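Here is how the chains run, residue by residue.
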Amino acid sequence: MLLARTRALPPEHVADWTLPADASVVGTARRLVDRQLAAWDLDDAAYTTGLVVSELVTNAIRYGKGPVRLRLIRDRGRLLTEVTDASSASPHLRRARESDEGGRGLFIVMRLSTHWGVRHSRHDKTIWSEQRLDAGSAPDAADLMDAFDVPDTGEL
């Protein structure tokens, strides 16, 4: 016997946008997210969420197939960010060398997220990131700098 209970989220807890697969929309995606977080009174999560959104949308545009769907879900002390594109190719987490110009996006997402992953369907894939909204649960900039072996000069 399988018992499942589903719970529908109120529409005001979900924000959903479809963006063209063009690099110029990354800034637009961040602005949309900033506005939505302000409406939800989650301004403290804007910087971290903006970084996650920038990386996921950039990867979807660069390696996926458009259009790109961006979705934010606010639920029970957490914020979910989902980016969907029409490609079935899974992203690969790798540690970039110091001389590499790219390859850090998913590593950044991993470091800023409580959990993250990939969900496949028949026609697309969704990369998702979960952030806890509890006080003190968000990683700070020093943690991220340590991940890239950047000396802490006290300046950001």
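Residues numbered from 1 in each chain as written. Predicted model: local features only at pLDDT ≥ 70, side-chain atom pairs only at ≥ 80, totals over all residues. Heavy atoms only, no water.

A. View of helix 1 (residues 25-39). For helix 1, built from 15 residues, the straight-helix expectation of 21 Å at 1.5 Å per residue is met to within 8% by its first-to-last C-alpha distance of 21 Å. For helix 1, every residue scored as buried is listed here: V25, V26, A29, L32, V33, Q36 and L37. The buried residues of helix 1 occupy an angular sector of 130 degrees when the element is viewed end-on, so they sit on one face. Next to the buried residues of helix 1 lie strand 1 (14-19), helix 2 (46-63), strand 2 (68-75) and strand 3 (78-85). (Helix = DSSP H or I, 4+ residues; strand = E, 2+ residues; numbered from the N terminus. Expected span 1.5 Å × (residues − 1). Buried < 20%, exposed > 50% of the residue type's maximum accessible area, 1.4 Å probe, protein only. Arc of directions from axis to C-beta. Contact = heavy atoms within 4.5 Å.)

B. Fine view of the nonpolar core. Counting residues in each nonpolar core, the largest one holds 29 residues, and the members touching the most others are W17, L37 and L70. When residues of this core are traced back to their parent elements, those giving at least two are strand 1, helix 1, helix 2, strand 2, strand 3 and helix 3 (105-112). Counting residues per element, this core draws most heavily on helix 2, which supplies 8 residues. When sequence neighbours within four positions are dropped, the list of residues in contact with W17 reads L32, V33, Q36, V68, R69, L70 and L72. (Core = buried A, V, L, I, M, F, W, Y, C linked by side-chain atoms within 4.5 Å.)

C. The arrangement of the pairing of strand 2 in detail. In this structure, strand 1 lies alongside strand 2, joined through 6 bridges in antiparallel fashion. By the bridge assignment for strand 2, D16 is matched with R71. Alignment of strand 2 against strand 3, held across 7 bridges, turns out to be antiparallel. Bridge pairing links L72 to T81 in strand 3. Hairpin connection from strand 2 to strand 3: 2 residues lie between these consecutive antiparallel strands, with R76 at a positive phi of about 45 degrees. (Pairing = 2+ DSSP bridges.)

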